Amino acid sequence: MTRNTRTTVFLVAAAVLAAAFTWACTGLPRFGTDTHPYGDRAVRAALAHRTANVVSAINFDQRALDTLGEESILFAAVLGAVVLLRRARDEDRADPEPRRVLPSTRLLGAALLPVTVLVGVYVVAHGQLSPGGGFQGGVVLATGLHLAYVAADYRVLRRVRPLAVFGALDATGAGAFTALGLAGLIAGGSYLENVLPLGTFNQLTSGGTVPLVNAAVGVEVASGVIVLLAQFLDQAVEITSPGHAGPVQNTGGGAPGNPPEAS
Amino acid sequence: MTLLPFLAAGWIFLVGLYGMVTSRNLVHAVGCLAVAQSSTYVLLLAVGYRRGGTAPVFADIPVGSTVVDPVVQALVLTDVVVGATVTALLLSLVIQIRKRTGTLDPEALTGLKG
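Residues numbered from 1 in each chain as written. Chains lettered and ligands numbered in written order. Predicted model: local features only at pLDDT ≥ 70, side-chain atom pairs only at ≥ 80, totals over all residues. Heavy atoms only, no water.

Here we look at the overall build of chain A
Next up, step 1: Broken down by element type, chain A carries ten helices and two strands.
Next up, step 2: Counting helices and strands in the order they occur from the N terminus, chain A gives α-α-α-α-β-α-α-α-α-α-α-β.
Next up, step 3: On C-alpha atoms alone, chain A measures out to a radius of gyration of 24 Å, which is more than a quarter above the 18 Å that the 2.2 N^0.38 rule sets for 263 residues.
Next up, step 4: When its C-alpha atoms are laid out on the principal axes, chain A stretches across 65 × 55 × 40 Å.
Next up, step 5: Relative to its 263 residues, chain A shows a buried fraction of 40%.
Next up, step 6: Look at the contacts in chain A between residues 6 or more apart in sequence, and 69% of them connect residues 24 or more apart.
Next up, step 7: Carbon and sulfur atoms form 67% of the exposed surface of chain A, whose accessible area is close to 13700 Å².
Next up, step 8: Seen as two clouds, the 18 positive and the 18 negative side-chain charges of chain A have centres 5 Å apart. (Helix = DSSP H or I, 4+ residues; strand = E, 2+ residues; numbered from the N terminus. Rg over C-alpha atoms; globule rule 2.2 N^0.38 Å. Buried < 20%, exposed > 50% of the residue type's maximum accessible area, 1.4 Å probe, protein only. Contact = heavy atoms within 4.5 Å. Areas by Shrake-Rupley, 256 points an atom, 1.4 Å probe, with all protein chains shown as cover. Lys, Arg positive; Asp, Glu negative; His and termini not counted. Charge placed at Lys NZ, Arg CZ, Asp CG, Glu CD.)

Written out as structure tokens, the structure reads:
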């Protein structure tokens, strides 16, 4: 199919889709409607379990089983990326040369790294109270550590980020979530049931199992993202392919130039 | 114009799809997929909006305040996480394609190789 035909086919299909979508939207409840039956029930259920952040209550209490599935997707994707980006037989590992970093960048990175990590821990720990939670805080934690790469170099990053430890932590986080579910099954009778004392509303310890599940997710997301980013950084910095002087450079979608022999 | 937020979501989806159809670079195509996927965030949040509502977090507002629908917000969170992981997985596939065939142009990838 030529490019023009393909674009034409797409435009026709897009026009049909746009018309059908617009028609379907006219059947939706009005934008900003006052009728949110599920939302109202979710708010009531969250307040009954003394969890101030209703979104966290839904994710880690009411719909915790769905979040376990989501967690498993994340875990499987990290695993998949690790397998896909492992060093192939015909590739070599080169030690990256340290580069010169501006002193101001180095200072800013060194000053901000602990602050960012602290903010990440704060966002995870207050998931049941304020906006945030395990997913958001985990990403802040993981990217915060990479300030070491920006401000110093790759070898410093490797020292602050022992991959074997974070790989194990990733699995531990995913396992802890499952184990908390089993604890609910044993103590309460249903999987992931909120069995712990609910505490005082709007306190750090409120919400029963919500803070614990939240922390498990935080650990898993933080270490998962670290492991994931490490695979991509390895490709860019460390791994050298045959037929290339250095790491694989992305030359964009131009003509295929100098293709290495496919195995 | 109460339809506008929903239509905006549809527009973002079609723009992303158009990018994927006309893409000449797999990294660009993965980016377009992320754009198309982000339309679902807009659609979900538009569905959950309540006029005059604030964030469904009762840490600093009195219980009983008008809040937007928290269920769709939780769904969007799931959506974002899955979107990010799919993007990561696709990008690792793209890296492998680049290594094995030396090109990122989807139109240059014709033959099947064993």
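Examining the side chain of D79 of chain B
Next up, step 1: With respect to the helices, strands and loops of the structure, D79 of chain B is situated in helix α3 (residues 70-101).
Next up, step 2: Notably, D79 of chain B is buried but unbridged: the nearest opposite-charge side chain belongs to R63 of chain A, and the N-O separation is 10 Å.
Next up, step 3: With residues near it in sequence (within four places) discarded, D79 of chain B still touches Q37, T40, Y41 and L44 of chain B. (Salt bridge = Lys/Arg side-chain N within 4 Å of Asp/Glu carboxyl O.)

Some details on the UniProt feature "signal peptide" (unreviewed entry) in chain A
Next up, step 1: Mapped onto this numbering, the UniProt entry gives "signal peptide" (unreviewed entry) at residues 1-24 of chain A.
Next up, step 2: In the segment residues 1-24 of chain A, helix accounts for 92% and strand for 0%; the C-alpha atoms at its two ends are 32 Å apart. (UniProt positions renumbered as here; feature names shortened; annotations may be inferred.)

Remarks on the interface of chain A and chain B
How big an interface is tends to be reported as the loss of accessible area on association of its parts.
Next up, step 1: Between chain A and chain B, the contact holds 68 residues from the first and 57 residues from the second.
Next up, step 2: Interface area for chain A against chain B, summed over the two sides, is near 5400 Å², with a carbon-plus-sulfur share of 67%.
Next up, step 3: For the interface between chain A and chain B, the tally reads five salt bridges.
Next up, step 4: Between D40 of chain A and R50 of chain B there is a salt bridge, with its nearest N and O atoms 2.8 Å apart.
Next up, step 5: With eleven residues, the top contributor of residues to the side of chain A that touches chain B is helix α1 (residues 3-26) of chain A.
Next up, step 6: Its residues placed into classes, the side of chain A that touches chain B shows 35 nonpolar, 24 polar and nine charged. (Buried area = accessible area lost by both parts, 1.4 Å probe. Nonpolar A, V, L, I, M, F, W, Y, C, P; charged D, E, K, R; others polar.)

Observations concerning the UniProt feature "transmembrane region" (unreviewed entry) in chain B
Next up, step 1: UniProt marks residues 71-95 of chain B with the feature "transmembrane region" (unreviewed entry), using the numbering shown here.
Next up, step 2: Within residues 71-95 of chain B, the helical portion is 100% and the strand portion 0%, while the C-alpha atoms at the span's ends are 37 Å from each other.

Remarks on the packing of aromatic side chains
Next up, step 1: Scanning the model with the defined rule gives five aromatic pairs over all chains in all.
Next up, step 2: Both rings, one in F31 of chain A and one in F6 of chain B, keep their centres 6.2 Å apart while their planes meet at 85°; by these two values the pair is edge-to-face. With F31 of chain A in the loop between α1 and α2 (37-48) and F6 of chain B in helix α1 (residues 4-22), this residue pair bridges two chains.
Next up, step 3: The exposure class of F31 of chain A is buried, given its relative accessible area of 18%.
Next up, step 4: Judged by its relative accessible area of 2%, F6 of chain B falls in the buried class.
Next up, step 5: Here the aromatic rings of F31 of chain A and Y49 of chain B are separated by 5.1 Å at their centres, their planes lie at 20°, and the arrangement is stacked. Of the two residues, F31 of chain A is situated in the loop between α1 and α2 and Y49 of chain B in the loop between α2 (26-48) and α3; the pairing between them involves two chains. (Phe/Tyr/Trp six-rings, centres within 6.5 Å; stacked < 30°, edge-to-face > 60°.)

Focus: the packing of helix α9 (residues 163-188) of chain A against helix α10 (residues 210-238) of chain A
Residue and element names in this part refer to chain A.
Next up, step 1: The geometry of α9 relative to α10 is characterised by a closest axis approach of 8 Å and an angle of 150° between their N-to-C directions. Classified by the interaxial angle, the pair formed by α9 and α10 is roughly antiparallel. Judged by the twist between their axes, the crossing of α9 over α10 is left-handed. On α10, the residues touching L163, F166, G167, L169, D170, G173, A174, A176, F177 and L180 of α9 are L212, V213, A216, V217, V219, E220, S223, G224, I226, V227 and A230.
Next up, step 2: Tallied by class, the residues present in the contact of α9 with α10 amount to 15 nonpolar, four polar and two charged. (Axes fitted to C-alpha atoms, helices over the stretch in contact; angles between N-to-C directions. Parallel < 35°, antiparallel > 145°, perpendicular 65-115°, else oblique. Left-handed = near helix turned anticlockwise from the far one by under 90°.)

Considerations on helix α3 (residues 54-62) of chain A
Next up, step 1: Burial of α3 of chain A is extensive: eight of the nine residues sit out of reach of the surface.
Next up, step 2: Close packing links the buried residues of α3 of chain A with α2, α4 (64-84), α6 (134-145) and α10 of chain A together with α3 of chain B.
Next up, step 3: Of the residues that open α3 of chain A, the one with a side-chain oxygen 3.1 Å from the backbone nitrogen of V55 of chain A is N53 of chain A. (Polar contact = N/O pair within 3.5 Å; in protein donor to acceptor, adjacent residues only side chain to side chain.)

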